[in-house]
Amino acid sequence: MTDQRTPVVLIHGLWLHSSSWYPWMELLQAEGFAPLAPGWPGEPDNVPDARSHPETMAGAGINEVTEHYATLIEALPAEPVLIGHSFGGLIAQKLLGLGLGRAAVAIDPAPVKGVKPLPFTQLRSASPVLRNPANRSRTVSLTAGRFRYAFGNAIPQQESDALFEAHSIPAPGRPLFEAAFANFSRSSPAAVDTGNTRRGPLLLMSGQLDHTVPDVVTRAAYKLYGDSTATTDLKQFPDRGHSLVVDQGWRAVADCALGWLARQGITGRSATADL
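Since the structure is predicted, the reported quantities are computational estimates derived from the model, not experimental observations. (Residues numbered from 1 in each chain as written. Predicted model: local features only at pLDDT ≥ 70, side-chain atom pairs only at ≥ 80, totals over all residues. Heavy atoms only, no water.)

Comments concerning the packing of helix α1 (residues 22-30) against helix α10 (residues 250-263)
Packing of α1 against α10 leaves a shortest axis separation of 11 Å and a crossing angle of 40°. Considering the angle they form, α1 stands oblique to α10. The handedness of the crossing between α1 and α10 is right-handed. Between α1 and α10, the residues in contact are Pro23, Trp24, Leu27 and Leu28 and Trp250, Arg251, Val253, Ala254, Asp255 and Leu258, respectively. Residue classes in the contact of α1 with α10 are distributed as eight nonpolar, no polar and two charged. (Axes fitted to C-alpha atoms, helices over the stretch in contact; angles between N-to-C directions. Helix = DSSP H or I, 4+ residues; strand = E, 2+ residues; numbered from the N terminus. Parallel < 35°, antiparallel > 145°, perpendicular 65-115°, else oblique. Left-handed = near helix turned anticlockwise from the far one by under 90°. Contact = heavy atoms within 4.5 Å. Nonpolar A, V, L, I, M, F, W, Y, C, P; charged D, E, K, R; others polar.)

A short note on helix α3 (residues 62-74)
For α3, which comprises 13 residues, the first-to-last C-alpha distance of 18 Å matches the rise-based estimate of 18 Å (1.5 Å per residue) to within 8%. Within α3, burial applies to Ile62, Val65, Thr66, Tyr69, Ala70 and Ile73. What you see down the axis of α3 is that its buried residues fit within an arc of 135°, all on one side. With respect to the buried face of α3, the exposed residues turned more than 90 degrees away are Glu67, Thr71 and Glu74. Looking at the buried side of α3, the elements it contacts are β1 (7-11), β3 (81-85), α4 (87-97) and α8 (174-180). (Expected span 1.5 Å × (residues − 1). Buried < 20%, exposed > 50% of the residue type's maximum accessible area, 1.4 Å probe, protein only. Arc of directions from axis to C-beta.)

Some words on the environment of Val112
With respect to the helices and strands, the residue Val112 is situated in the loop between β4 (103-107) and α5 (120-130). Val112 gets classed as buried once you look at its relative accessible area, which sits at 3%. In sequence terms Val112 and Leu224 are 112 residues apart; their C-alpha atoms lie 9.3 Å from each other.

Things to note about the pairing of β3
Burial analysis of β3 places five of its five residues in the buried class, the great majority of the element. Here β3 shows two buried faces, one formed by Val81, Ile83 and His85 and the other by Leu82 and Gly84. Taken together, the four bridges between β1 and β3 define a ladder with parallel strand orientation. By the bridge assignment for β3, Leu10 is matched with Ile83. Inspection of the sheet shows β3 paired to β4 by five bridges, in the parallel sense. (Pairing = 2+ DSSP bridges.)

Everything listed is a geometric property; what it means functionally is a separate question.
Here it is in structure tokens:
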């Protein structure tokens, strides 16, 4: 029997393993969706292996990651909802612009081409990668202290350290270099078809205390969609940082996404499920 549930593809960003989506997957399953959280190209199946073999993820760029998820999406039985965090939010926007998603939720998304604000906190969060050009072709790990600044600044130290131990993995440096120089490249892989009027609805979410993708960056991305007649919404979360999808407040973010999807007429069961 064909699965009539609406697929949801969860796309993580840099320095988090795909298993960090497990609580979201349990909630989505309970709501009748068919969620999956594939890792990035070359990502091992678990956190210990990812830490032990960082070389398997080295060199993956925005286009390679987008193509990786596009291939997975094309094999699904129905058009999925896309939910992405950080660089996963950028990838979700690219896929939606390409017509490969029914709708997308981009949470604290990495800046797309055309976003001009470059706050100091964003530069500091990216500095472990961008300070060395050689990092473009290799993976880079965060220390607990750098994770605290980039992800856990809005939560208690103990919780940040626990999230670091549970979910943090080395990340390829190439996407950060591509995003950092996007506005200087005519064919940047960080470019998104923001003018697409035929795409599905898009929700951008922002944690207003985020160091890695500050609120001003997400608001600038939202403005880039102004020429499109397709639905584009913005939701801001006061007192939340970049860890908002994995910390103790994740459920409020997930419930907001589910409520928005419901208002777009998207639920866990497809429209043909009862026919």
